[in-house]
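Notes for the structure review
Given next are the chains, with one letter for each unit.
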Amino acid sequence: MYDVVLLTLASERDASGGCGSGEACCGGADATGAGVDGTGPTPADADSCATDRPRVPVLACADALTARGARVQMVTARSDAEIDAVLAQLDGPARPDGLTWPDTDGKTRLVVATASDGQLRAVLRRLVRRYAPAPSRRPADLRDDRTLPDLPPVAVLPLDPARGGAQRDLAAQLGLPRDPAAVAAAVLDGTPRRLDLLRNDGGSVTLDGALFGAADDAGRPLHWRARVEVDDAVLTNGDEPLLACAVGNAGGYASLDDVTLLAAPDPADGRVEVAVAVPVVVRSAWGRKRVRLEVRRARGRAVSVLPREGKVPYLDDGVEGELTRKRSWWVEPGAWAVWVV
């Protein structure tokens, strides 16, 4: 029978960066209390949002696992170091090259209880940092199209039932179970469903997607400029205004209001889909001007966004940030996996 670790991150308040952005799990704060962009909760905030009390779905999942004979360990992580201590249980035997590698035949399985996609991303980011070898130590048994091995599968236990509705989280998009007993069944009886992972040159990962752009207080989108490239295709060179840019691995960032940005994002096709929304002024036959929204799309293995002026706000797996310099993503095909029945 399996050993199962039920991992919960200590904070549900991850809008400023999420656990894994620094050394604390509360709101993306680092050891000084500041978030990844220099803002975030103070140490007092961290104390106020931390809790050791397992949520009801976590307890229900633990009961279902125990009833099936699994040995269950419940862990609440407050820092990257505490997440890493859990992930160390997924390590494989020592390799001759000294690399830390996941156990492909391990009897320990991981369930991540998530209040948001940002929390799930935080755990995957630590998995990547644990198992991705340095370029100078790339082993011969690593796939040619990857920079890291197959990451250990995780089971996802959503803590917010509302995110299965209109505001769908990644678990809902992937059709994963939300009932704790069904999650337990997937862990013990299921098979891994492998999915693509987006890595970026900022040291993080993206599971669902990122949306760039901002709106004023009245909700009107603001214009901004950036150069956006997908492989060898240039969607915009930065000399025209943009209203939005979507970088999609799954389907959560496929639309903006009533505008379809991404046509058919697929989290397992080895490609990232990118779209930019450009306002274009057109003139009618009677000489009247109107603004038409032109959506340009491309698919490829890598994408870069280079802001041309100021800061560009964005959401990446639901986590807020500001882009001030070039950021590049690339696809790691099938790098991570979820347990499914």
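The coordinates are above.
Summarised in this report is the structure supplied together with it. Positions within a chain are numbered from 1, following the residues in the order the chain's sequence is written. Predicted model: local features are reported for residues with pLDDT of at least 70 only, side-chain atom pairs are reported and counted for 80 or more only, and whole-chain, interface and lining totals are derived from all residues. As a rule here, side-chain values cover all heavy atoms of the structure and leave hydrogens and water aside.

Side note on the overall build of the protein chain
- A run of DSSP states H or I qualifies as a helix once it reaches four residues; a run of E qualifies as a strand once it reaches two. Both are numbered from the N-terminal end. For the protein chain, the count of helices and strands is six helices and 18 strands.
- The buried share among the 341 residues of the protein chain stands at 49%.
- Throughout, a residue-residue contact means that at least one pair of heavy atoms, one from each residue, lies within 4.5 Å. Considering only intrachain contacts with a sequence separation of at least 6, the fraction spanning at least 24 residues in the protein chain is 68%.
- Accessible surface, the protein chain: about 15600 Å² in total, of which carbon and sulfur atoms supply 49%. Buried residues are those whose accessible area, probed at 1.4 Å on protein chains only, stays under 20% of the maximum for their type, while exposed residues exceed 50% and partly exposed ones sit between those limits. Where accessible areas are quoted, they stem from the Shrake-Rupley method and a 1.4 Å probe; at the residue level, only the protein chains shown are allowed to cover.

Some thoughts on the packing of aromatic side chains
- A pair of Phe, Tyr and Trp rings is counted when the ring centres sit within 6.5 Å of each other, with Trp represented by its six-membered ring. The angle between the planes then sorts it: under 30 degrees is stacked, over 60 is edge-to-face, the rest tilted. Per the counting criterion, the structure on display carries two aromatic pairs.
- Judged by centre distance (5.3 Å) and plane angle (40°), the rings of Phe 212 and Tyr 314 are tilted. In this pair, Phe 212 sits in strand E7 (residues 209–212) while Tyr 314 sits in strand E16 (residues 312–316), placing the two residues 102 residues apart along the sequence.
- Seen in terms of ring centroids, Phe 212 and Trp 329 are 5.8 Å apart; in terms of plane orientation they differ by 80°. Their pairing is edge-to-face. One end of the pair, Phe 212, is in strand E7; the other, Trp 329, is in strand E18 (residues 327–340), with 117 residues separating them in the sequence. Take Phe 212 and Trp 329: they sit in the same class, and that class is buried.
- Put simply, the rings of Phe 212, Tyr 314 and Trp 329 pair up and form one aromatic cluster.
- Here the guanidinium or amino end of Arg 95 rests over the ring plane of Trp 101, the centre of that ring lying 4.3 Å away.
- By definition here, charges over rings are those cases where NZ of Lys or CZ of Arg is within 6 Å of the ring centre and within 35 degrees of the ring normal. Directly above the aromatic system of Tyr 2 lies the positively charged group of Arg 109, at a separation of 3.9 Å from the ring centroid.

Examining the pattern of salt bridges
- The working definition used for a salt bridge is a side-chain nitrogen of Lys or Arg within 4 Å of a carboxyl oxygen of Asp or Glu. Tallied over the full model, the rule gives 21 salt bridges.
- Here Arg 126 makes a salt bridge to Asp 80, at a shortest N to O gap of 3.5 Å. Of this pair, Arg 126 sits in helix H4 (residues 117–131) while Asp 80 sits in helix H3 (residues 80–87), placing them 46 residues apart in sequence. Both residues of the pair, Arg 126 and Asp 80, belong to the buried class.
- Look at the salt bridges and you will find they share partners, linking Glu 240, Arg 292, Glu 294 and Arg 296 into a network.

Concerning the packing of H3 against H4
- Lines fitted to C-alpha atoms define the axes here, with helix axes fitted over just the stretch in contact, and angles between the N-to-C directions of these axes take values from 0 to 180 degrees. The contact between H3 and H4 brings their axes to 10 Å, and the two run at 65°. Considering the angle they form, H3 stands roughly perpendicular to H4. The way H3 lies across H4 gives a crossing that is right-handed. Of the residues in H4, those in contact with Asp 80, Ile 83, Asp 84 and Leu 87 of H3 are Val 123, Arg 126, Leu 127, Arg 130 and Tyr 131.
- As a working rule, the residues Ala, Val, Leu, Ile, Met, Phe, Trp, Tyr, Cys and Pro are called nonpolar, Asp, Glu, Lys and Arg charged, and the rest polar, with Gly in that last group. Of the residues in the contact of H3 with H4, the class split is five nonpolar, no polar and four charged. Reported orientations rely on four angle classes, namely roughly parallel under 35 degrees, roughly antiparallel over 145, roughly perpendicular from 65 to 115, and oblique for the rest. Put simply, a crossing is left-handed when the front helix is turned counterclockwise from the back one by less than a right angle, and right-handed when it is turned clockwise.

Overview of the environment of Val 282
- By the element assignment, Val 282 lies in strand E13 (residues 272–283).
- The partly exposed category is assigned to Val 282, whose relative accessible area is 22%.
- Distance in space between the C-alpha atoms of Val 282 and Arg 292 is 6.8 Å, their sequence separation being 10 residues.
- If we ignore the near neighbours within four places in the chain, the residues touching Val 282 are Arg 288, Lys 289, Arg 290 and Arg 292.

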